[in-house]
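Topology and contacts: notes
The primary structure of each chain is shown beneath.
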Amino acid sequence: MKHIGLILPYDYKLLSVAALMEVLETANKLVVESGKPIPFLINVFQLPNQLENGEANFHNYQIQSTLEVKDPIDMILIPAFTTDDMKETIEKNVAYIPWLHQQYQRGSEIASFCSGAFLFGASGLLNGKFATTHIDACSAFERLFPEVKLKSNETVTADERTYTSGGSTSLFHLIILLVQKYCGREIAIQVAKLFAIDMDRYQQSYFGTFRPNYTHNDELVSMVQEKIEKQFHQIEKLDDVLNEIPSSRRNIVRRFKLATGIPPIEYLQNIRIESSKKYLEQTQLTVSEIIDKSGYTDPKSFRKVFQKVVGMKPLEYREKFKVR
């Protein structure tokens, strides 16, 4: 029997916790029905100060204090967060970090789901390891934790005793992976069928939306952003835009990357690709017409960049996401 420790941090997402419990409980039921011993002992943990001010039970589970862990925990699960301020949420939950270190040193595996990777990343236990998180949170994650080998396109990562999943439904792919590890492929397939999960989805990039960062206070960078966003469809050379800014090219590029996390050329590409995605979703325009409206002059270059950024070909994207 594997001891599973599910933490309920501040600002946890209820849907994430419910999904994890539902899958594990279903695996337990299927294994027992097959005549074998129950595979997972599920316990729920919170910090002592959370227990003092909250409920003692979570559905049918008695919440245990992280200070009262006696038996080794084989796998610790960090659910997703629901928050508009990830830094504040990490600060609220900083007391979990020494505990995660302690359990990891005792041999625990640790898995985070979606934005739960931010608490995992803050622990330092992911430094030098592969990880992923929600596709739209990857830029913020990369800025906060540059020592983590972020695989933004991946649905799931596994590196030594650390596991992470991408956004939302990617949770199911990671928990199914863990069910397969502990219960075997037959049970994993049964669980996948019950929850209608495609086990062979390996990428999440096509779910992403490029959201420019405007939270910096660099007016020069804001000028470049505004020009790119207004003129992207007619820009022939990025230098033509940068030359209009009262600063050297080198200084602009340095400050732009520092403020937004990416260089101006990548910013321009992302703006163009987001434009093309909207045309593919909402219009009947041909790919050639969309290429022209998005500011590309070379169809081969457009298709190459689109595939790299989105993870599929333009017509495949239209087939999946077109508004009928």
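Residues numbered from 1 in each chain as written. Predicted model: local features only at pLDDT ≥ 70, side-chain atom pairs only at ≥ 80, totals over all residues. Heavy atoms only, no water.

**Some remarks on the state of the cysteines**
Considering all chains together, one arrives at 0 disulfides under this definition. No disulfide involves cysteine 138; its sulfur sits 9.7 Å from that of cysteine 114, the nearest cysteine. (Disulfide = S-S within 2.5 Å.)

**Focus on a negative patch on the surface**
A cluster of like negative charges, contributed by Asp84, Asp85, Glu88 and Glu91, occupies part of the molecular surface. Examined against the element boundaries, glutamate 88 turns out to sit in helix 3 (residues 86-92). According to the relative accessible area criterion, glutamate 88 is partly exposed, its value standing at 39%. (Patch = residues over 30% accessible without salt bridge, like charges linked within 9 Å, V, L, I, M, F, W, Y side chains within 5 Å. Areas by Shrake-Rupley, 256 points an atom, 1.4 Å probe, with all protein chains shown as cover. Salt bridge = Lys/Arg side-chain N within 4 Å of Asp/Glu carboxyl O. Lys, Arg positive; Asp, Glu negative; His and termini not counted. Charge placed at Lys NZ, Arg CZ, Asp CG, Glu CD. Helix = DSSP H or I, 4+ residues; strand = E, 2+ residues; numbered from the N terminus. Buried < 20%, exposed > 50% of the residue type's maximum accessible area, 1.4 Å probe, protein only.)

**A look at the sheet that holds strand 1 (residues 2-7)**
Taken together, the 8 strands give an open sheet; going across it, the order is 3-4-2-1-5-6-10-9, and neighbouring strands pair in mixed fashion. Every interior strand has two partners, whereas the edge strands, strand 3 (57-58) and strand 9 (156-159), have only one. Bridge count for strand 1 against strand 2 (residues 40-46) is 6 bridges, and the pairing is parallel. The partner of isoleucine 7 across the bridge, within strand 2, is phenylalanine 45. The strands that helix 4 (residues 96-105) touches are strand 1, strand 2, strand 5 (75-78), strand 6 (109-112) and strand 10 (162-165); relative to strand 5, the one it contacts most, it runs at about 155°. (Pairing = 2+ DSSP bridges. Contact = heavy atoms within 4.5 Å. Axes fitted to C-alpha atoms, helices over the stretch in contact; angles between N-to-C directions.)

**So, the pattern of salt bridges**
Counted under the stated rule, the structure contains 8 salt bridges. Between glutamate 244 and lysine 227 there is a salt bridge whose closest N-O contact spans 3.0 Å. Of the two residues, glutamate 244 sits in the loop between helix 10 (238-242) and helix 11 (249-260) while lysine 227 sits in helix 9 (residues 219-231), which places them 17 residues apart along the sequence. On the basis of relative accessibility, which here comes to 46%, the residue glutamate 244 falls in the partly exposed class. Using a relative accessible area of 22% as the deciding quantity, one classes lysine 227 as partly exposed.

**Focus on helix 11**
Residue pairs three or four apart in sequence face the same way in an α-helix, which turns once every 3.6 residues. Taking 1.5 Å of rise per residue, 12 residues should cover 16 Å, and helix 11 covers 16 Å from first to last C-alpha, within 8% of that figure. Where the residues of helix 11 are buried, they touch helix 6 (138-144), helix 9, helix 10 and helix 12 (264-282). Positioned one or two residues after helix 11, glycine 261 has a phi angle of 95°, which is positive. (Expected span 1.5 Å × (residues − 1).)

**Considerations on unusual backbone geometry**
For cysteine 114, which is not glycine, the phi torsion reads 55° and is therefore positive. Tracing the sequence through the fold places cysteine 114 in the loop between strand 6 and helix 5 (117-122). In this structure cysteine 114 comes out as buried when scored by relative accessible area, which is 8%. For alanine 196, which is not glycine, the phi torsion reads 55° and is therefore positive. With respect to the helices and strands, the residue alanine 196 is situated in the loop between helix 8 (185-194) and helix 9. Judged by its relative accessible area of 69%, alanine 196 falls in the exposed class.

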